[in-house]
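Chain residues, written in single-letter form:
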Amino acid sequence: MAKNPKRSVERLIETAVQAQKRAYCPYSRYPVGAAVMTAGGRVFPGCNVENASYGLAMCAERAAIYHAVASGFDSIVAVAVVGAAAKPCGACRQVMHEFSDKDTAIHLVDLNPTTGRRKIVKTTVYKLLPLAFDPLASGLLPKNPRNLLRRKTAKTKKRK
Ligand code: ZN
């Protein structure tokens, strides 16, 4: 996290609040915003995006994580989720676990749209998903999957 942890958390939450305003949720009318922070203090927003084919909807939390990964970051130190009593679904908890460690904080921000008041609960990804399916413990992944990807890329480049 960046130099001033408190300010970093405020920036993370504010990013999630702004992302909630961009949610595309005409079917559920339940806007959710999320933001994830990398070790270097970069923040990536996400919002829920629904579709006429309901099963294709994507949660804000996963949208934010995929945003970070697509930008080259796969280690998350903090997450914020903003919505009316919003809490991550099971799928999002598993995806968060993939890119988190035991200290990764999650700030659940219950935002009252009428009053603007916020009730914040702080916990960790590991507490939200105890006994998660762990790709390292199961032997599915080496310690750092990014190194594996880099090696493959390097070999591919040598062949050309
Ligand atoms: Zn979800």
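Looking now at the nonpolar core. Counting 19 residues, the largest nonpolar core has Val36, Ile65, Ile76, Val79, Val81, Met96 and Ile106 as its most contacted members. Elements with a contribution of two residues or more to this core: strand S1 (33–38), helix H2 (60–70), strand S3 (76–83), helix H3 (90–98), strand S4 (105–111) and helix H4 (125–128). Looking at this core, the element that brings in the most residues is H2, giving 4 residues. When residues no more than four places from it in sequence are discounted, the contact partners of isoleucine 76 are Val36, Met37, Ile65, Phe99, Ser100 and Thr104.

Donor atoms from the polypeptide that bind the zinc ion are Cys59 (SG), Cys89 (SG) and Cys92 (SG), placed at 2.2 to 2.3 Å. Mapped onto the sequence, the residues coordinating the zinc ion show the spacing C-x29-C-x2-C. A residue pair is termed long-range when its members are at least 10 positions apart, and cysteine 59 in the loop between strand S2 (43–47) and H2 and cysteine 89 in the loop between S3 and H3 qualify at 30 residues. The class of cysteine 59 is partly exposed, set by a relative accessible area of 22%.

The rules behind each value
Residues numbered from 1 in each chain as written. Predicted model: local features only at pLDDT ≥ 70, side-chain atom pairs only at ≥ 80, totals over all residues. Heavy atoms only, no water. Core = buried A, V, L, I, M, F, W, Y, C linked by side-chain atoms within 4.5 Å. Buried < 20%, exposed > 50% of the residue type's maximum accessible area, 1.4 Å probe, protein only. Helix = DSSP H or I, 4+ residues; strand = E, 2+ residues; numbered from the N terminus. Contact = heavy atoms within 4.5 Å. Donors = N, O, S within 2.8 Å, 3.2 Å for Na, K, Ca; no water.

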